[in-house]
Amino acid sequence: MLKDITIGQFFPGDSAVHKMDARFKLCMTLLFIVMLFMGKHLYSLIFGIVFCVLALVLSKIPFRLIWKSIRVLLPILAVTAVLDIFLIDGGDTVFKWHFIEITSDGVKTALLMVIRILVLLAGTSLLTYTTSPIALTDAIERLLNPLKKIHVPVHAFAMMMTIALRFIPTLLEETDKIMTAQKARGASFSEGNLLQRARSLVPILVPLFVSAFRRAEELATAMECRCYRGDVGRTKMRQLKAAGRDYAAMAVTLILFGTALVVKIIF
Amino acid sequence: MAVIEVKDLTYRYGIGTPFEKTAVDHVQLTIPTGAYVGIIGHTGSGKSTLIQHLNGLLQPTEGTVMLDGKDIWADKAEMRQVRFRVGLVFQYPEYQIFEETVFRDIAFGPKNMGLSEDEIHARVKEIAGIVGISDDMLEHSPFLLSGGQKRRVAIAGVMAMRPEVLILDEPTAGLDPRGREEILCEIDLYRKKTGATILLVSHSMEDVARHAEHILVMNKGSVFCYDTVQRVFSRAGELQKIGLAVPQITRVCAALRQNGLAIDENIYTVEQAKEQLLKLLRQKGVNRGC
């Protein structure tokens, strides 16, 4: 059933990583991504891996959850690796058969790429696992605050994101309901050629859009009834406060980042 | 003859997760052909889950659902036929409307059945007559209709498949008293014209008492009782214990009886009460000798 799909993938918990300020987590994740893609050498990957493992252990997220989000992308990863191995020339030839040639550079690039992406997936999924979507949008709004000076509607964007996230489960449930209702009228969604299948989505999509617009209108009215007028003079119920642990974690990240930078310059 | 027979039906969801729950628990049920059964019970008592088994939208975890003596899950290729024979109208069915005209929306089910254009036309016209949709309304966009009218179009969409068994999940929810009664009368009319079996899920004891012949009371996923309207409502005390009530007018009459009025015990509709009271008044009048 559609209800089984989890989006946002927030995994509530009580670990140090969960309690961290979402702004810091977001910045650290960005630094982590840059760190991973900075160097061309295997050495420079080590810092990213250290960061990722550290965060994983501290977050107390079960490994199978991380594996779940990695598993989906394994086929793509395999294709990337195979392409890298066969298409990149350079270095010594490791294997040769007719026109197929595998070089040491190809193997190295493939290996680097696979490790990079695996660590990237594990590290970034950690962000969504330990941070509720609402906290995340809050953090984005705060971080983008300076853009308000050049009249970017940061608050409006953040509000839109929050609302969109809030309504994902609602719309999934709605889709489920509409699908069963149309099935009861003999609709089938898995028969016929591509065109027929696309057409069979109409009985789902039209009611879904109608109800989404209805909900949007109701929500807008409800917000207006409570005098919502954007971010002018608006205060927050959840205040983001940086604590000692946030500064400590940021310091560790910066040290790792700095060392990775030095390693990149040396090698 | 039983049109629907449910044997030992159990439905669990979320199996293997911490959210595992038994929504329907070993239900035995026989619905005779042509019956009108009201289904009552609390939210979460398993009513909606039960009815979704009757046309194969949900597959039982255990047990079987038989339609005319045949297990509906025996041949999955036949499942669509089962859905045409057992029509299911969901709660707030107007939210499933999608076509450009009322006519085409009602014709969606019959079209899926693969009927000829003429047959579809005849059926839509017939059903429109039953639910009180006028000819020129058929060419309008359904989205411009009022709430009650949209509801009628949606119900007509299921009726047009001419199911032998018509199941309705709270067809009157959110309508005003007049709209409720009209829709219930249209369901009665459909039954009269086609001889169909009707299953009506409702929260309103009054509606069930007025229109159904049998009542199925669900409680916590099991059948609490399943009997004629009279016998179910005579167990008012037990019903109250599980948080359900008998119709208001039955309670009024019970209170009158306690105060010494010789009023009948089995009164479930306002009409019955009116008759009884008038009779009593007339007797009193005779006694006084006016």
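Residues numbered from 1 in each chain as written. Chains lettered and ligands numbered in written order. Predicted model: local features only at pLDDT ≥ 70, side-chain atom pairs only at ≥ 80, totals over all residues. Heavy atoms only, no water.

### Some details on helix 7 (residues 133-143) of chain A
An α-helical turn contains 3.6 residues, so a residue and the one three or four places further along point in the same direction. Going by this rule: With a 1.4 Å probe rolled over the protein chains alone, any residue whose accessible area is under 20% of its type maximum counts as buried; one over 50% counts as exposed, and the rest are partly exposed. The way it works is that DSSP assigns letters per residue, a run of H or I at least four long becomes a helix, a run of E at least two long becomes a strand, and they are numbered from the N terminus. Should any heavy atoms of two residues lie within 4.5 Å, those residues are considered in contact.
All of the buried residues in helix 7 of chain A are A135, L136, T137, D138, A139 and E141 of chain A. In this structure, the buried side of helix 7 of chain A is in contact with helix 2 (22-38), helix 6 (104-130) and helix 8 (154-184) of chain A.

### Thoughts on the domain arrangement of chain B
Residue and element names in this part refer to chain B. Defined as follows: What counts as a domain boundary in this text is fixed by an automatic or database domain assignment. Computed with a 1.4 Å rolling probe, the buried area is the accessible surface lost when two parts are put together, summed over both parts. Should a side-chain nitrogen of Lys or Arg be within 4 Å of a carboxyl oxygen of Asp or Glu, the pair is scored as a salt bridge.
By the assigned domains, chain B splits into domain 1 (2-246) and domain 2 (247-290). In this assembly, 11 residues from domain 1 lie in contact with eight residues from domain 2. Both faces combined, the contact of domain 1 with domain 2 buries some 770 Å², and carbon together with sulfur accounts for 62% of it. Looking only at domain 1, the three residues that lose the most surface to domain 2 are R210, Q230 and V246, adding up to 53% of its buried area. If you look at where domain 1 meets domain 2, you find one salt bridge.

### Here's the deal with the nonpolar core
Short version of the rule: We call a set of buried Ala, Val, Leu, Ile, Met, Phe, Trp, Tyr and Cys residues a nonpolar core when their side-chain atoms join them within 4.5 Å.
I106, I133, V217 and F233 of chain B are the most contacted members of the largest nonpolar core, which has 52 residues in total. Excluding residues that lie within four positions of it along the chain, I106 of chain B makes contacts with V124, I133, L138, V153, A156, G157 and A160 of chain B. Formed by 35 residues, the second largest nonpolar core is a distinct cluster that contains A181 of chain A together with Y11, A35 and V165 of chain B.

### Topic: the pairing of strand 3 (residues 36-41) of chain B
Residues and elements named next belong to chain B. Operational definition: Any two strands are treated as partners once DSSP identifies two or more bridges connecting them.
Taken across its six residues, strand 3 has six buried, putting it largely inside the fold. Of the two faces of strand 3, the one holding Y36, G38 and I40 and the one holding V37, I39 and G41 are both buried throughout. Note that strand 3 and strand 8 (residues 197-201) share four bridges and pair parallel. Counted as the bridge partner of V37 is L199 from strand 8. Relative to strand 9 (residues 214-219), strand 3 runs parallel, the two being bridged by five bridges. Among the inter-strand pairings, G38 is bridged to a residue of strand 9, identified as I215.

### Examining the interface of chain A and chain B
Taken together, the contact pairs 17 residues of chain A with 20 residues of chain B. Summed over both partners, the interface of chain A with chain B buries about 1,600 Å², with 61% contributed by carbon and sulfur atoms. A per-residue breakdown of the area chain A buries against chain B is headed by A184, R185 and G186 of chain A, which together make up 41% of the total. For the pair chain A and chain B, the interface holds one salt bridge. In this structure, the salt-bridge partner of D105 of chain B is R185 of chain A, at a minimum N-O distance of 3.3 Å. For the side of chain A that touches chain B, the secondary-structure elements that each account for two or more residues are helix 8 and helix 10 (202-225) of chain A.

### Describing the packing of helix 5 (residues 117-131) of chain B against helix 7 (residues 177-194) of chain B
All names here are of chain B. Inclusion rule: Only the stretch in contact is used when fitting a helix axis, every axis being a line fitted to C-alpha atoms; angles between N-to-C directions are given from 0 to 180 degrees. We call two directions roughly parallel when the angle between them is under 35 degrees, roughly antiparallel when it is over 145, roughly perpendicular when it lies between 65 and 115, and oblique otherwise.
For the pair helix 5 and helix 7, the least separation of the axes is 8 Å and the interaxial angle reads 135°. Taken together, helix 5 and helix 7 sit at an angle that is classed as oblique. Contacts between helix 5 and helix 7 involve E126, I127, I130 and V131 on the former and, on the latter, E186, L189, Y190 and K193.

### Overview of the layout of surface pockets
Residue and element names in this part refer to chain A. Put simply, the rule is: The distinction between a cavity and a pocket rests on a 1 Å grid over the protein atoms alone: a 1.4 Å probe fits inside a cavity but cannot get out, while a pocket stays open yet meets protein on both sides within 12 Å along at least five of seven lines, and a residue with an atom within 4 Å of a point counts as lining. Grid points are joined across faces, edges and corners, and a volume is the space filled by probe spheres set on the points. Gly falls in the polar group here, along with every residue not listed as nonpolar (Ala, Val, Leu, Ile, Met, Phe, Trp, Tyr, Cys, Pro) or charged (Asp, Glu, Lys, Arg).
What the second largest pocket holds in volume is close to 660 Å³. Lining the second largest pocket are 21 residues, with M159, T162, M223, Y228 and R234 positioned closest to its centre. Only helix 7, helix 8 and helix 10 provide two or more residues apiece to the lining of the second largest pocket. Its residues assigned to classes, the lining of the second largest pocket comprises 10 nonpolar, four polar and seven charged.

### Examining the sheet that holds strand 2 (residues 21-32) of chain B
Residue and element names in this part refer to chain B. If you trace the four strands from one edge of the open sheet to the other, you get 2-1-4-5, paired in antiparallel fashion. Pairing within the sheet leaves two strands with one partner each, and these edge strands are strand 2 and strand 5 (70-71). Sheet strands touched by helix 1 (residues 47-54): strand 1 (2-13), strand 2 and strand 4 (62-67). Its angle to strand 1, the strand with the most contacts, is close to 125°.

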